[in-house]
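Chains, contacts and geometry: an overview
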Amino acid sequence: MIQKRNFIGLLALLAVFFYAPLTYSQTAPPKTENRSKLFDETTTDSDYLISIEKAGEVLESAHNDTEFDGNSHRLFGEIKRTQSKLDLILASLKGANPNVRNQQMYRIVLKEIEQELDEQNTAINLRNKNLEKIKSRVIDLRKDKTLMGLLKDTIRRKQFKTEFANLKNRYLSTDSLMTKNQGILNKNKRLTVERKIAVSNALIIVESKLEQSGISMLKKEYPALWSRDSAAKKIVGQNIKAKIIIEENVAAYYLSYRAGGLISLVLLMGLLGWYISRNLKYLKNNGHADNLSQFNFKYLNRGVIIPVAVIGLNIAVVSNLYAPAMFIELIQLVLLGLITFLFKDKWSKASMRNWSLLLVLFFVLCFLDLFIAVGFIQRCAFIVINILGIRYGLVQIKSLKDQLYIKGFIKWAKIIFIGLNILALLNNLFGRVSLANMLSLTAFISLTQIVALSVLLKIVLEIILLQIYTTRVKRGIEKIFDFESLSETLKKPFIIVISYMWIVVIAANLNIWESLRAGLNSLLSHPNTIGSITFTLGNIVLFFIIIWLAHLLQNYVAYFFGEVDDENEENINKKQHSKLLITRLVVLICGYLLAVAASGMPLDKLSILLGALGVGVGLGLQSVVNNFVSGIILIFDKPIQIGDVINIASESGRVKSMGLRTTKINSANGAEIIIPNGNLLSQNITNWTYTDNFKLVEIAAEVSGEIMPEEINTLILESLESMDLVNNAKPPQIYYTAITEGKFNLQIKFWCSIYRTEETISTARQVLFSNFKEKGLTLST
């Protein structure tokens, strides 16, 4: 109010200047003195103009700064969107009492809205402060003595009438805009305060309902089933339509609320589907599509859309733990329907019949939970389903086990399925209906979800194998690799992910995941102190997880480039191997640096650790560090690469793999020789394949018969040219060591692949012997 009065005062000053009557002094003019005024302090017209110009610039900048920028308009748009979200939530809360899952979704959304309102309120307060600063800049014009002196001087003021008129217009425009924008801010601030109150009241209602739901799950809600109390037998089937409308509204709101995440998931799955289709199309166009049957594919050979949809729906189930009941159960049913299509014509009739029975029971269970109010019929229906579920777990679940890719989980799924159905049956009989319904749904979801996750794992492995085979075909390698052992290797880390997803889904449906996560976060984030070092268990766990992931990634990264452990590979891309080695090194270094950063270890403590490591190197780790540094040198200097045939000291063989500490060599007799990298750099190495993969071999031969040397040369050259194993790009060499009448001793030298030397020499001897014999000559080698 004080600042507003200051503005009014300034406006009054300007008004006095413009509208006050012009007066003149009636006294006699003062006597002039005949002294010099050169050194008098006087204000000139130029000074007044400069002062008026500065005031105009202040008012102009104040007007520009008062205008709302793009961020302010976005803020007002966010405020409107928050209001629409809040209206939907409050409207849903006024309806019938939703189930526990819907209440949990309301709580999360209301807390997010509350946070949004806090941020919006902070932004409005910031803009109000900016307006106050702009006001203070205008009020500071009073400190300009020249301008104030001019306002008081009624005679001189007339000379600057035009300038003051422009100044007045700027002032009035700025004052009007500031009043308008301040009113907009105050209106939005009032709305945010009102909405915060509404959100707080709604949260109290939701928390109260959740608390009541929790209490009712542990205490008797209804009389025992055999009781004649009418409340237990009340039928409210006429409310099915109303419940359907409520559940539809809740699910529709959740779709709009999570639209961004769901659209991103759809786009990601679309990109995955395009990538798979591209690989399949490439194999088909090049005549290799039929070879996919040798990989024992079960799902990718039935199209791309359904397998990709199965992956997306599995991710949607885990990433929407607090979705409303109708939304999550609908996703589950669609997922199971797609899986059923994949199982078609693949499973036995008995297995498909048992699987169809499970789907029917699950569908009926979902319908009863969503749309049928608690009553005698509903409770009896749940008991029938629980009894059928127990029998299913004891007898019929065996037919599913033999059809799934991961069979180990079925044992635990069977125990959970039967146990939860028994608990649900007992709780229903004794009146704990909410708990019984929750346990029944969790039992069926736990069993169906492990089937879906098993299919997910198989699809992911098929995608990886498809990528490896496609890459190898592009490199000209059509040989089918040992995909079964490779699948077993790749399956291990995915089993951990599958287990986590399964546990999360079960815990979320039991409504204990939030408590488990909160307790785990509290345990992992609790600070612990040992001496002067403070750490948390979460940092330690994160450190080892990142290290494990880095090693896992550097081990598996080669598979995505078509590299497998194939000892008989001839067409090795050495340049690609070098890139892979560098990639592995970068992955490991980045992984360790990220792990150290994630551990939260202070740099001063890290320097102490490095100092201790330096002492360890000086005492006994010289060879380890030597081998590590030598490995890095080998990677970048490339004296040898994977696939090279080398001789070192008394050992020879083909380089199978190169690590940061050792290099593995496959010898001709099948032994694997492990050589420290330090030894490779400190000894002389004979690399037979440094430039190319060809070797010059020699056959000593003796020819007997009536023939001239020129004919012998022609016959030998024709024989070698007819052999595919011989590299005819480099001409063979024939040398005569002795010539007598009818007898010739000679040496035949030619080039062949170093990987098939013995085979080529053997074949050459056979071909030469046969060709010379046809000419009536004798050849001995």
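Quick look at the structure, then. (Residues numbered from 1 in each chain as written. Predicted model: local features only at pLDDT ≥ 70, side-chain atom pairs only at ≥ 80, totals over all residues. Heavy atoms only, no water.)

**Re the overall build of the chain**
For clarity, the cut-off: Helix and strand assignments come from DSSP, with helices taken as H or I runs of at least 4 residues and strands as E runs of at least 2, each series counted from the N terminus. Throughout this description, buried means an accessible area under 20% of the type-specific maximum (1.4 Å probe, protein chains only), exposed means over 50%, and partly exposed covers the range between. Only heavy atoms enter the contact rule, under which two residues are in contact if any of them lie within 4.5 Å. For the area figures, the Shrake-Rupley method with a 1.4 Å probe applies, and any residue is considered shielded solely by the protein chains shown.
Each helix and strand counted, the chain has 25 helices and 11 strands in total. The 781 residues of the chain split such that 43% are buried. Put simply, 78% of the contacts in the chain that link residues at least 6 apart link residues at least 24 apart. Surface exposure of the chain reaches about 42,400 Å², of which carbon and sulfur atoms provide 60%.

**Thoughts on the sheet that holds strand 11 (residues 778-780)**
Selection criterion: Each pair of strands is called paired provided DSSP finds at least two bridges between the two strands. To define axes, lines are fitted to C-alpha atoms, for helices over the stretch in contact only, and angles between the resulting N-to-C directions are given on a 0 to 180 degree scale.
Here four strands make up an open sheet; going across it, the order is 9-10-8-11 and the pairing antiparallel. Looking at which strands have only one partner, the edges of the open sheet turn out to be strand 9 (733-740) and strand 11. Averaged over all pairs of adjacent strands, the angle between strand axes in this sheet comes to 25°, irrespective of strand direction. The pairing of strand 8 (residues 694-704) with strand 11 spans three bridges and is antiparallel. Bridged to serine 704 within strand 11 is threonine 778. Sheet strands touched by helix 24 (residues 709-721): strand 8, strand 9 and strand 10 (743-753). Its angle to strand 10, the strand with the most contacts, is close to 25°.

**Description of the side chain of threonine 663**
One can find threonine 663 in strand 5 (residues 662-666). Not counting the four nearest positions on each side in its chain, threonine 663 is found in contact with Leu634, Val655, Ser657, Met658, Ile673, Ile674, Ile675, Asn677 and Leu680.

**Notes on helix 24**
The following threshold applies: In a helix, the anticipated span is given by 1.5 Å times the number of residues less one. What the arc describes is the spread of directions from the helix axis to the C-beta atoms.
Taking 1.5 Å of rise per residue, 13 residues should cover 18 Å, and helix 24 covers 18 Å from first to last C-alpha, within 8% of that figure. Listed as buried for helix 24 are Ile712, Leu715, Ile716, Ser719 and Leu720. Along the axis of helix 24, the buried positions cluster into a sector of 130°, meaning they face one direction only. Facing away from the buried surface of helix 24 by more than 90 degrees, the exposed residues are Glu710 and Glu721. Elements that come into contact with the buried residues of helix 24 comprise strand 8, strand 9, strand 10 and helix 25 (757-774).

**Re a nonpolar patch on the surface**
Short version of the rule: Residues forming no salt bridge and having over 30% relative accessible area are the ones grouped into patches, like charges within 9 Å of each other and nonpolar side chains (Val, Leu, Ile, Met, Phe, Trp, Tyr) within 5 Å. Only one rule defines a salt bridge in this text: a Lys or Arg side-chain nitrogen within 4 Å of an Asp or Glu carboxyl oxygen.
Nonpolar side chains collect at one region of the surface, where Ile496, Val541, Ile545, Trp548 and Leu549 lie side by side and expose about 440 Å² of accessible area between them. Examining the composition of the nonpolar patch, we find that four residues originate from one element, helix 19 (residues 537-556), more than from any other. Looking at the secondary structure, you find valine 541 in helix 19. With relative accessibility at 39%, the residue valine 541 sits in the partly exposed group.

**Side note on the nonpolar core**
Put simply, the test is: Remark: nonpolar core denotes a set of buried residues (Ala, Val, Leu, Ile, Met, Phe, Trp, Tyr, Cys) joined through side-chain atoms within 4.5 Å.
Phe343 and Trp355 are the most contacted members of the largest nonpolar core, which has 115 residues in total. For this core, the element with the highest residue contribution is helix 16 (residues 433-474), accounting for 25 residues. If near-sequence neighbours (up to four positions away) are discounted, phenylalanine 343 is found in contact with Tyr299, Arg302, Met352, Trp355, Val451 and Val455. Of all hydrophobic cores here, the second largest spans 25 residues; its members include Ala62, Leu75, Leu167 and Met178.

**With respect to the packing of aromatic side chains**
Here the distance between the centres and the angle between the planes together describe a pair of aromatic rings. Put simply, the rule reads: Aromatic pairing here means that ring centres of Phe, Tyr or Trp (its six-membered ring) are within 6.5 Å. Orientation follows from the plane angle: under 30 degrees is stacked, over 60 is edge-to-face, and everything else is tilted. Note on criteria: charge over ring means Lys NZ or Arg CZ within 6 Å of the ring centre, with the direction from the centre no more than 35 degrees off the ring normal.
Evaluation of the coordinates by the stated rule reveals 12 aromatic pairs. Taking the centre distance of 5.2 Å and the plane angle of 80° together, the rings of phenylalanine 68 and phenylalanine 76 count as edge-to-face. Of the two residues examined, phenylalanine 68 and phenylalanine 76, each falls in the buried class. Put simply, the rings of Phe295, Phe297 and Tyr469 touch in pairs and so form one group of aromatic residues. Positioned above the aromatic ring of tyrosine 282 is the side chain of lysine 474, whose terminal nitrogen or guanidinium carbon lies 5.1 Å from the ring centre.

**Some details on a positive patch on the surface**
So the rule is basically this: The charged-residue count follows a simple rule in which Lys and Arg add positive charge and Asp and Glu add negative charge, with His and chain termini not counted at all. Just so you know, the charge point we use is NZ for Lys, CZ for Arg, CG for Asp and CD for Glu.
Taken together, the side chains of Lys298, Lys346, Lys401, Lys407 and Lys411 make up a positively charged region of the molecular surface. When you line up the elements, lysine 407 lands in the loop between helix 14 (398-401) and helix 15 (408-429).

On their own, these measurements won't tell you what the molecule is for.
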